[in-house]
Every structure is written in structure tokens, then in C-alpha cells.
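This is what each chain is made of:
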Amino acid sequence: MNRPLTRREFIARSSVAASASALLMNPARAADQERPNILWITSEDNGPHMGCYGDSFADTPHLDALAKKSLIYMNAWSTAPVCAPARTTIISGMYPPCTGSEHMRSTSILPSGFKMYPQYLREAGYYCTNNSKEDYNLEKPGQVWDESSGKAHFRNRKENQPFFAIFNFTTTHESQIRKRPHEQVHEPDKVSIPSYHPDTPEVRQDWAQYYDKMTQMDGQAGEILAQLEEDGLADNTIIFYYGDHGSGMPRSKRWPYNSGLHVPMIVHIPEKYKHLRPPDYKTGGSSDRLVGFIDLAQTVLSLAGIQPPTHMQGHAFAGAYTQSPPKLAYGFRGRMDERYDMVRCVRDHRYLYIRNYMPHKVYGQYLAYMFQTPTTRVWKKMYDDGKLEPPQTYFWETKPSEELYDLENDPDEIHNLANSPAHQEIKEKLRQANREHLLKIRDVGFLPEGEIHERKGSTPYEMARDSSKYPIEKIMKAAELASSIEKNEAKNESLANPEEFKAILNNLSDTDSAVRYWGAMGVLMRGKAAVDQAKANLQNALQDESPYVSSIAAEALGRYGSNDDVSKALPVLEKWANIKSHNAFAAMIALNAIIAIGEKADSLKPALAKMERVDPSVPKRTQSYVGRLMLMLVGE
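Criteria and thresholds
- Residues numbered from 1 in each chain as written.
- Predicted model: local features only at pLDDT ≥ 70, side-chain atom pairs only at ≥ 80, totals over all residues.
- Heavy atoms only, no water.
- Helix = DSSP H or I, 4+ residues; strand = E, 2+ residues; numbered from the N terminus.
- Rg over C-alpha atoms; globule rule 2.2 N^0.38 Å.
- Buried < 20%, exposed > 50% of the residue type's maximum accessible area, 1.4 Å probe, protein only.
- Areas by Shrake-Rupley, 256 points an atom, 1.4 Å probe, with all protein chains shown as cover.
- Lys, Arg positive; Asp, Glu negative; His and termini not counted.
- Charge placed at Lys NZ, Arg CZ, Asp CG, Glu CD.
- Contact = heavy atoms within 4.5 Å.
- Salt bridge = Lys/Arg side-chain N within 4 Å of Asp/Glu carboxyl O.
- Axes fitted to C-alpha atoms, helices over the stretch in contact; angles between N-to-C directions.
- Parallel < 35°, antiparallel > 145°, perpendicular 65-115°, else oblique.
- Left-handed = near helix turned anticlockwise from the far one by under 90°.
- Nonpolar A, V, L, I, M, F, W, Y, C, P; charged D, E, K, R; others polar.
- Pairing = 2+ DSSP bridges.
- Core = buried A, V, L, I, M, F, W, Y, C linked by side-chain atoms within 4.5 Å.
- pLDDT = per-residue confidence, 0-100.
- Phe/Tyr/Trp six-rings, centres within 6.5 Å; stacked < 30°, edge-to-face > 60°.
- Lys NZ or Arg CZ within 6 Å of the ring centre and 35° of its normal.
- Polar contact = N/O pair within 3.5 Å; in protein donor to acceptor, adjacent residues only side chain to side chain.

**Brief notes about the overall build of the protein chain**
Item 1. From N to C terminus, the protein chain includes 23 helices and 15 strands.
Item 2. Here the C-alpha radius of gyration of the protein chain, 25 Å, is about what a compact globule of 636 residues would show, namely 26 Å.
Item 3. Summarising its shape, the C-alpha atoms of the protein chain cover approximately 80 × 60 × 55 Å along the three principal directions.
Item 4. The buried share among the 636 residues of the protein chain stands at 63%.
Item 5. Accessible area for the protein chain stands at about 24800 Å²; split by element, carbon and sulfur atoms hold 49% of it.
Item 6. Across the protein chain, the 76 positively charged side chains and the 80 negatively charged ones have centroids separated by 2 Å.

**Side note on the side chain of threonine 129**
Item 1. Examined against the element boundaries, threonine 129 turns out to sit in strand β3 (residues 127-131).
Item 2. If we skip the residues at most four places from it in the chain, threonine 129 touches Trp145, Glu147, Ala152, His153, Phe154, Phe164, Ala165 and Ile166.

**Regarding the pattern of salt bridges**
Item 1. The full count for this structure, using the stated rule, is 45 salt bridges.
Item 2. Of the charged contacts in the structure, one is a salt bridge between arginine 350 and aspartate 406, with a shortest N-O distance of 2.8 Å. Residue arginine 350 is located in the loop between β11 (343-347) and β12 (351-356), and its partner aspartate 406 is located in strand β13 (residues 402-406); the two are separated by 56 residues in the primary sequence.
Item 3. Of the residues examined, arginine 350 reaches a relative accessible area of 30% and is grouped as partly exposed.
Item 4. Residues arginine 559 and glutamate 555 are paired through a salt bridge, measuring 3.1 Å at the closest nitrogen-oxygen approach.

**Things to note about the packing of helix α21 (residues 584-597) against helix α23 (residues 624-634)**
Describing two packed helices takes the angle between their axes plus the distance from one axis to the other.
Item 1. The geometry of α21 relative to α23 is characterised by a closest axis approach of 9 Å and an angle of 20° between their N-to-C directions. Taken as axis vectors, α21 and α23 run roughly parallel relative to one another. Handedness of the α21/α23 crossing: left-handed. Of the residues in α23, those touching α21 at Ala584, Ala587, Met588, Leu591, Asn592, Ile594 and Ile595 are Tyr625, Val626, Leu629, Met630, Met632 and Leu633.
Item 2. Residues of the contact of α21 with α23, tallied by class, amount to twelve nonpolar, one polar and no charged.

**Re the environment of glutamine 392**
Item 1. Following the sequence through the fold, glutamine 392 ends up in the loop between α10 (374-384) and β13.
Item 2. Residues glutamine 392 and serine 175, spaced 217 residues apart in sequence, show a C-alpha to C-alpha distance of 23 Å.
Item 3. Every residue in contact with glutamine 392, bar those within four places of it in the chain, is listed here: Ser195, Tyr196, His197, Pro198 and Trp379.

**Considering α10**
Item 1. For α10, the complete set of buried residues consists of Pro374, Thr375, Thr376, Val378, Trp379 and Met382.
Item 2. Here the buried face of α10 lies against α7 (201-230).
Item 3. The first or second residue beyond α10 is glycine 386, which carries a positive phi of 70°.

**Here we look at the pairing of β13**
Item 1. Across the five residues of β13, five count as buried, placing the element largely inside the fold.
Item 2. Neither face of β13 is exposed, since Glu402, Leu404 and Asp406 on one face and Glu403 and Tyr405 on the opposite face are all buried.
Item 3. Where β12 and β13 come together, five bridges link them in antiparallel fashion. Considered in β13, the bridge of tyrosine 351 is made with aspartate 406.

**Examining the nonpolar core**
A general tendency of soluble globular proteins is for nonpolar side chains to be buried together.
Item 1. Membership of the largest hydrophobic core comes to 137 residues, with the highest contact counts inside it found for Phe446, Trp518 and Val523.
Item 2. Per element, the largest residue contribution to this core is eleven residues, and it comes from α21.
Item 3. Beyond its immediate sequence surroundings of up to four residues, tryptophan 518 is in contact with Met342, Tyr357, Met358, Phe446, Ile475, Ala478, Ala479, Ala482 and Met525.
Item 4. Membership of the second largest hydrophobic core comes to 62 residues, among which are Phe114, Ile238, Leu301 and Ile441.

**A closer look at the pairing of strand β5 (residues 163-169)**
On a regular strand, each side chain points to the face opposite its neighbour's, so the side chains alternate between the two faces of the sheet.
Item 1. In terms of residue burial, β5 counts as a mostly covered element, since seven of its seven residues are buried.
Item 2. What you see with β5 is no split at all: Phe163, Ala165, Phe167 and Phe169 on one side and Phe164, Ile166 and Asn168 on the other are buried throughout.
Item 3. Examined bridge by bridge, strand β1 (residues 37-43) and β5 share six bridges and lie parallel to one another. For isoleucine 38, the partnering residue across the bridge sits in β5 and is phenylalanine 164.
Item 4. As paired elements, β3 and β5 share five bridges and run parallel to each other. Bridge assignment links asparagine 131 to a residue of β5, and that residue is phenylalanine 167.

**Notes on the sheet that holds β11**
Item 1. Strand order in the open sheet formed by four strands is β10-β11-β12-β13, with antiparallel pairing between adjacent strands. The strands lining the two open edges of the sheet, one partner per strand, are β10 (329-333) and β13. On average, each strand axis in the sheet is tilted by 15° relative to the strand beside it, whichever way the strands run.
Item 2. Where β10 meets β11, five bridges bridge the pair, whose relative direction is antiparallel. Opposite arginine 333, over in β11, you have valine 343 as the bridge partner.
Item 3. Along the sheet, helix α11 (residues 424-441) makes contact with β10, β11, β12 and β13, crossing β12 at roughly 60°.

**Some points on the packing of helix α19 (residues 547-560) against helix α20 (residues 563-577)**
Item 1. Between α19 and α20, whose axes approach to 8 Å, the crossing angle comes to 145°. Both α19 and α20 take part in a crossing whose hand is left-handed. Residue-level inspection shows Pro547, Ser550, Ser551, Ala554, Leu557 and Gly558 of α19 in contact with α20, the latter providing Asp565, Val566, Ala569, Val572, Leu573 and Trp576.
Item 2. Residue composition of the contact of α19 with α20, grouped by class: eight nonpolar, three polar and one charged.

**A closer look at the confidence of the model for the protein chain**
Item 1. Residues of the protein chain with pLDDT of at least 70 account for 93%, and the chain-wide mean is 94.
Item 2. Contacts of residues 8-33 to residues separated by more than four positions or lying in other chains number 50 contacts, the stretch itself having pLDDT below 50.

**Comments concerning the packing of aromatic side chains**
Item 1. Following the criterion strictly, the structure yields 28 aromatic pairs and no others.
Item 2. Here the aromatic rings of tryptophan 255 and tyrosine 257 are separated by 6.3 Å at their centres, their planes lie at 40°, and the arrangement is tilted.
Item 3. In textbook terms, an aromatic cluster arises when at least three aromatic residues are bridged by ring pairs, as seen for Trp40, Tyr73, Tyr117, Trp145, Phe164, Phe240, Tyr242, Phe293 and Phe317.
Item 4. Positioned above the aromatic ring of tryptophan 396, the side-chain terminus of lysine 380 is 5.9 Å from the ring centre.

**Overview of the side chain of serine 513**
Item 1. Following the sequence through the fold, serine 513 ends up in helix α16 (residues 513-525).
Item 2. Within the local environment of serine 513, its side chain forms a polar contact with the side chain of glutamate 451, the two groups lying 2.7 Å apart.
Item 3. Ignoring any residue separated from it by four or fewer positions in sequence, one finds serine 513 in contact with Glu451, Arg455, Ser546 and Val549.

**A short note on unusual backbone geometry**
Excluding glycine, residues mostly have negative phi values, and the peptide bonds linking residues are mostly trans.
Item 1. Arginine 180 connects to proline 181 through a cis peptide bond whose omega is 0°.
Item 2. Mapped onto the elements, proline 181 comes out in the loop between α6 (174-177) and α7.
Item 3. For the bond running from proline 390 to proline 391, omega is 10°, close enough to zero to count as cis.
Item 4. Relative to the assigned elements, proline 391 resides in the loop between α10 and β13.
Item 5. Unusually for a residue other than glycine, arginine 254 sits at a positive phi of about 85°.
Item 6. Along the chain, arginine 254 falls in the loop between β6 (237-243) and α8 (258-261).

Below, the structure is given as C-alpha cells:
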């Protein structure tokens, strides 16, 4: 058996190709171009765990060297904590909740005339390549890339043609930090464990392997940088490096905490293009400006001398059209694979505010893909066995309606200050900012996913701008009311304010189906006492024409009602679980409800086992999720 590589050997092996290429450097070949070339090096599922960000455990020599001649952003956010929505933000320059593209691996459509940012670059004469992941939740409005494949490269352009090129590395992806066997390099005993994770050998190995993969990715980035030097293009090329969201470890990836949204971002603008540098650019320096993926499309167009279109929603932070720094950054979470949730968040330079619109759902809902990671499995088992104490228990429990964290004094985000008397002013400020932002972009996430695509309108974005089709103020008010729950911790149950509860019951009979949906959710979130009070209303809602309303009413009665209530609820869920009754979106709501009801719904299993699991009427990217839920319920 071969001995494990030493850390020094591992770095050397990762760097050898880059070093060899660098020896072939020939600056005389550089093209004298007016417009800069632009190179993006990106990596997946990694936060700022790098030497240049002060992490002494990390070995990232190539990117650290790039940082020494560049500017690093200390407060860069991915806007979404998972790949597809994050990349959708970048490619469109728009918040996915306003285009109907927030849910993982969903598919939506941009309005006619809206383009993806490479299309604007191509129109200006740029050769645009992507090597190679796309993963957009939006249909491409025509040809976006000159080439998008594993062979795409700036070297394939015409002579002297300016280029925009992306090289994306999957080395650090969630799937790689759990891949076994693995030759360990970073010592697990020396890794730093966040306080929300249990300190076990499995957790330490996953984190150490993550650092190993960061070093390997750094070597790959070094090869691309060496190729740029070899071609004599370094002086003519603006370079970005960034990660696509937080680490692939549980409670980072998929969660809109800072741990899931904070990414490294290095920006190098050569001396030749110093006029395009941001005002705070300092070689080898850092910027505390709030930047996010929402800003990248506008920034790259600005660097190319192209005025960004007005429908883009970010702020260019470099180039001819640089804008003033925003005071706040926004993030979101929607459906993750087969599991529904709705979270929105906003931060300033110090505080992070999180608004949970489905606080009755636990943070760590079961996701088949996430549970392949050893850390996830051992963490959940220890919780189930009663071997954990706060803050390691929080991830497996239901959420509060609001969370507030002091990122300066609580980097692990474990001390929720939402009820702290000393922090009410900042909470109210960020709460209001979140609300104003969602109204401004006309967030369609307040609709059940199916209704995003079913409400009349040429696209979700355009539908949402017609108040007769999408009365967002009324729907959002219903969602806020439904999810603003207080808990009696001693009895572990939700409290129902009489006046608020009356309004929730009124919402159950509103003319708008989304308001009725949130009315049913408001009862469900308040548990047994609320269901007992609203039994007649919920039984009426079982007959609602909307599968989303009737399924949530059925879930409430199934979980908290009498045996008679269960017998009335289950046929409704059986109906909507069948994709032939409506579609996959309705089936996912119903199947999640059946899972939540638990053993009381076991009588449905024979019927479920016979149902089809793929709905060809919905986009292909969504078709596997009904099958995953069925697998949880009835197996193969």
C-alpha cells in the first residue's frame, strides 16, 4: 500500500503542470487590444477557506499569489446557497424569485427581449466560452455561448478577438468531499470544526478532505493562469476568481446563512486597464464593499464598455458604469430538490436577518443527496439518539419566524438575536428592508410553485407585474401573517393570537388561491390547537379547486386531526399525489404532506406504489423529484 502524500508533496503535485506551463511564457505574443479580455475561474461548493482570506490551515498558493496582485472582496455573496439558482442569478443579472427560477433545477422563461449577459458581449464582438457547467433555471433565449463544453477555450477565438471565458472546476463539489477512498493530506485532527457540527472522526475527515480538494482546485486554477501567461495575454486580461456558494458541508450549502452564501472573490485588473478599476482598488488589498452574484452580469458588461440593460437588478462594481455601493445584500432559499421551503434574508456589513416563511419545517429536511455525506448521517443519528446539545441540535429542529445574527461577534451564526431587546432596532430595519426588496422585485415565490407557471401571463416576470394577476401585497401579507408564529417552548406548541387567527381563517375563503394557500399554511403552522379551532374551515378547504390549498388543508387535518379527519384528508392527498390528476408540482406538495403525516398515512402506500413517477408535462429538470418522494414512501 502506498504511503499517504505529505502536504508538501500534495501541493507540488497539484502545481507541477502550472509550473511547467509558466516556463513557456512568451509575453511578446500578447495582442494589443482596446477592450480587455475577461477570464473567470470558478469553483464549486467552497467558501473563503483560503490563505489569502486568513485561513492558515488552507494551502492555496496559486490563488493566494493572484490575490497579492489583485483586490479581494471580503463580503462577496452568492445570492443563493446552491448551484442552479446561484448560476441563474449570474447569467440573468436578475433575482431568480422575480423570474420564477428560484427553485432548485426548475425551468422558467425570460420576457421577450431580455438576454443573458454573454449575448450582449457576443454582440459587442467578444468570443464567449464556458467550460463547462451551465445549470440555469432559465431557458436560453437563443445562442448564449460561442462554445459551452469541456473543450471550450479562449484559444479557439479568431486572431486578436477579445474573449470572455469561464473555467469552472468541480473538484471542490459536495460529491468530492465525501468520495472514498481518499488519500488524506490535511490532518483531520488539526481541522477547525464549526460549533454547530459535532466533533466526530467522520466530520473531521469530511472537513479535512474539503481542504484537500481546495488545494487540488488551486492547482487547476494555476494551470489556467499559466496558460494565460504562456499566450502572452496576462497584461490584457481581467481575471475573476470566485466560488459558486458556501462549502458543500451540511448547513453551508443550501442554507442562506453567511456560511452558505459567503464566497471568495478575487478581481485582478491589469495596469493597462486601471481606468476600469473600482475606486477602492488597491493591489494586494481588500474591499469591504457588499458584492454579490446579482452584480456580476452588470459588472462584466461595464468592464467591456457595454451599458448594462435597465432590467438587470445588481450594481456594477467596476468598469465604465460603476455604481455606488449598495448598503445591503439579499439572499434566498426555495425548494431544494424534492423538499419545499421558503426563506429570504438580507445583511448589512455586520448583521444578517433571516425571514422563515415556513418555520414549521425543520432546517435539515431529508434530502437524499445531502444524506450521502458522512457528516450529515452521523450528525442526524446523534441527534436522534439524544447525544447532542445546542447549538448542534438546531439544524434538526423547526425554525423561528425570524433570525438575526451578529456576524462580527458570532461568525458561526448560532446566537439568534431576534428577541434581544438590544437588537430590536436593527431587526426592524432589516425586516423592513427585506419586505421592501421583495415588493420591489415582485417576488413570485409567495405562490405555490405550480402557480408560478399556471397563472396567466406570457412569463412569470410579466405576470407578476400585473396586479390583477398577482396581487403581491395581499398575498405577501397573508404569508407574513401565516408564518409569524410564537411558540410556547415549555409545551413545544405554537400560540394563536385571536385577532391574527381570525384573519388567517378569513384568508382561507379569499378569492385568490395563493391567499387561501397561506391561510391553510397559517393553521398548519400553529399545530393541533389551531387545527381544532379551524376544523370546519379546513374540511371545506379539502374541496378547494386548488390542489395546493386542499393538500395543505389535508396535511393539517392528517397531522393534528381526529381519526375521522384523517379519513377525510387521505383521499385528497391520494388524488393529488397522482401526477395524472394535475401535475408534478401538485404531486410534490401532496407527497411531502403524506411524509409529514407519517404512519397515519400508511394506508396510502399500496395506491402510491402503482402511480407513475415521471410527469412529462413539466420540465425535464423537475421530473425526478416525484420519484424521489415516492421512493421515500414506498421504495422501489
